[in-house]
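Results of the structural survey
Here is what each chain is made of, one letter per residue.
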Amino acid sequence: MLSREQKRKILNSYSLFEYKISYDRYNYKYKNKVIAREFSHTGNGYICGKELNDPLKKYEIDNRGWINIKDMNEEELRTLIELVIDIFGVTLGERTN
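Attention in this report is confined to the structure presented alongside it.

Reading guide: rules and limits
Residues numbered from 1 in each chain as written. Predicted model: local features only at pLDDT ≥ 70, side-chain atom pairs only at ≥ 80, totals over all residues. Heavy atoms only, no water. Salt bridge = Lys/Arg side-chain N within 4 Å of Asp/Glu carboxyl O. Buried < 20%, exposed > 50% of the residue type's maximum accessible area, 1.4 Å probe, protein only. Helix = DSSP H or I, 4+ residues; strand = E, 2+ residues; numbered from the N terminus. Arc of directions from axis to C-beta. Pairing = 2+ DSSP bridges.

**Concerning the pattern of salt bridges**
- Taken as a whole and judged by the stated rule, the model has seven salt bridges.
- Note that R4 is salt-bridged to E5, the shortest N-O span being 3.5 Å.
- A relative accessible area of 15% places R4 in the buried class.
- The class of E5 is partly exposed, set by a relative accessible area of 45%.
- Across the pair E74 and R78 runs a salt bridge whose closest N-O atoms are separated by 3.0 Å. Remark: R78 and E74 occur in helix α2 (residues 74-91); sequence separation between them is four residues, near one turn of the helix.
- E74 gets classed as partly exposed once you look at its relative accessible area, which sits at 39%.

Below is the structure:
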């Protein structure tokens with residue numbers, strides 16, 4: 001399992017805006033939409049899965065529309081972040097193809 005600092009480093013390698021929401025928790029925005037939230041000292045956190053088309057049920061999306069990333073490795077986390085950024089780019093009208 002990755003630590004919170006390792007996860008923060010991964011998230012900060014993308015074009016995301018990081019901001020602190022409490023003493024030990026961080027959220028991340030992409031184009032003014034929160035796509036990652038509640039990253040705490042325990043390594044727990046969530047990535048937005050509301051718009052995710054996941055027919056193979058690779059990700060467990062909770063009833064709020066978020067995916068828990070606590071037990072993800074670096075490759076799994078990067079894949080999910082890139083997928084969500086791509087989806088939000090499309091849903092926010094950035095892409096035309």
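**Focus: helix α1 (residues 4-12)**
- Residues of α1 that are buried include every one of R4, K7, R8, I10 and L11, and no others. The buried residues of α1 occupy one face: seen down the axis, they fall within an arc of 160°.

**With respect to the pairing of strand β1 (residues 17-22)**
- Sheet analysis places β1 next to strand β2 (residues 25-30), joined by five bridges and oriented antiparallel. The residue bridging K20 from the neighbouring strand is Y26, located in β2.
- Between β1 and β2, which pair antiparallel one after the other, the connecting turn spans two residues.

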